Amino acid sequence: MIPAGFSYVRAGSLEEALGELSRHGDAARVLAGGHSLLPAMKLRRAEPGVLVDIGRLRALSYVRAEGGQVAVGALTTHRTLERDPVVAEQVPLLAAAAARIGDPQVRNRGTIGGSLANADPAADLAGAVLALDGVLVARGPAGVREIPGREFFTGPYRTALAPGELLTEIRLPAAPGRSYAFEKFSRRALDWAVVGVAAQARPGGGVAIALLGMGPAPLRATGVEEALAAGVPAAEAVRLATRGSEPPDNAVASASYRAHLAEVLVGRALAAL
């Protein structure tokens, strides 16, 4: 439970943080809230040579409604997402997912940017961002670029962020008054999801459904979405919940049990909608 040695840099600005990432290359890791990275370092699953601490960059902590979208700064905490009135009104699915993360201590320290950049296949906020068709904004040596949520997660703990890039903002289409649901099955209270489901009603009809814990990265349940769009009854559409997924088979749960959970939780989410 003792991490390997590392150097520590506290960035005073976004520009300084980007400079440190560029200077140290693959040896550097970004520290935001620390609730994913620090446990991994203690277990020696992560051994960065340099920690670049961006936790005090208040300019990256905000929630704004602008132009039919909600812009969320990467350092916005889970607790803020859970309680912010703009989030509650415009993208309540995000608030519902944030409220299911860990305990109050975790929610007061953990950040949305840190959670998404960590890219855990079972991370709650990743499912909400996918179901909301979110776009992630990254800044790096080549400037600013926008990455669609469905292209951001490339594998377990891997993302489309390029070397030296930093996730700075998440943009979500506003969905006021539209039905949503967040379902999660965990072994213990406050635990990671064995399987999770985030569902969001779309304008003009249709449903976007994201699955957690059903593959190497969070993914959309396109089989169910397409079946519903074609008029297939929900009770039949849920049978397609696992199409295109790769549920892991490990000590937490077997692949067949995860597949069963996916069908049950998608069915519950659709009933809630």
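Predicted model, so just to flag it, every value in this text is computed and none were measured. (Residues numbered from 1 in each chain as written. Predicted model: local features only at pLDDT ≥ 70, side-chain atom pairs only at ≥ 80, totals over all residues. Heavy atoms only, no water.)

A.B. asks: I'd like a description of the packing of aromatic side chains, backed by residues and values.
C.D. replies: All chains considered together, the criterion is met by two aromatic pairs. Consider the rings of F152 and F153, whose centres lie 5.1 Å apart with planes at 90 degrees: the pair is edge-to-face. F153 sits in the buried class, given a relative accessible area of 9%. Judged by centre distance (6.3 Å) and plane angle (85 degrees), the rings of F185 and Y257 are edge-to-face. Separated by 72 residues along the polypeptide, F185 in strand β11 (residues 180-185) and Y257 in helix α12 (residues 255-272) bring together distant segments of the chain. Residue Y257 is classed as partly exposed on the basis of its relative accessible area, which comes to 36%. Over the ring of Y62 we find R64; its NZ or CZ atom is 3.8 Å from the centre of that ring. (Phe/Tyr/Trp six-rings, centres within 6.5 Å; stacked < 30°, edge-to-face > 60°. Buried < 20%, exposed > 50% of the residue type's maximum accessible area, 1.4 Å probe, protein only. Helix = DSSP H or I, 4+ residues; strand = E, 2+ residues; numbered from the N terminus. Lys NZ or Arg CZ within 6 Å of the ring centre and 35° of its normal.)

A.B. asks: Can you lay out the sheet that holds strand β3 (residues 50-53) for me, pointing to particular residues and giving the numbers?
C.D. replies: With parallel pairing, the three strands of this open sheet are ordered in space as β1-β3-β2. A single partner strand is all that each edge strand has here, and the edge strands are β1 (7-10) and β2 (28-31). Each strand axis lies, on average, 25 degrees off the axis of its neighbour in the sheet, ignoring direction. Bridging between β2 and β3 involves four bridges; their strand directions are parallel. The residue of β3 that forms the bridge with R29 is L51. Strand contacts of helix α1 (residues 14-24): β1, β2 and β3, with the helix running at about 165 degrees to β3, the strand carrying the most contacts. (Pairing = 2+ DSSP bridges. Axes fitted to C-alpha atoms, helices over the stretch in contact; angles between N-to-C directions. Contact = heavy atoms within 4.5 Å.)

A.B. asks: Help me get a handle on the sheet that holds strand β7 (residues 143-148), residues and values and all.
C.D. replies: Strand pairing in a sheet is mediated by backbone hydrogen bonds. Such pairs are either parallel or antiparallel. Spatial strand order, β4-β5-β10-β6-β7: five strands in an open sheet with antiparallel pairing. Pairing within the sheet leaves two strands with one partner each, and these edge strands are β4 (63-66) and β7. Strand-to-strand twist across the sheet, computed as the mean angle between neighbouring axes with direction ignored, equals 25 degrees. In terms of strand pairing, strand β5 (residues 69-73) meets strand β10 (residues 166-173) through five bridges, oriented antiparallel.

A.B. asks: Got a sec to walk through the side chain of T77? Specific residues and values, please.
C.D. replies: Along the chain, T77 falls in the loop between β5 and α3 (78-83). The contacts of T77, once residues within four sequence positions are left out, are R107, N108, R109, G110 and T111.

A.B. asks: Break down the side chain of R258 for me, with residues and values.
C.D. replies: Mapped onto the elements, R258 comes out in helix α12. For the buried R258, no salt bridge exists, and the shortest N-O distance to an oppositely charged side chain is 7.2 Å, to D249. When neighbours within four sequence positions are excluded, R258 is seen to be in contact with V194, V195, G213, M214, P247, P248, N250, V252 and A253. (Lys, Arg positive; Asp, Glu negative; His and termini not counted. Salt bridge = Lys/Arg side-chain N within 4 Å of Asp/Glu carboxyl O.)

Structural measurements only, silent on function.
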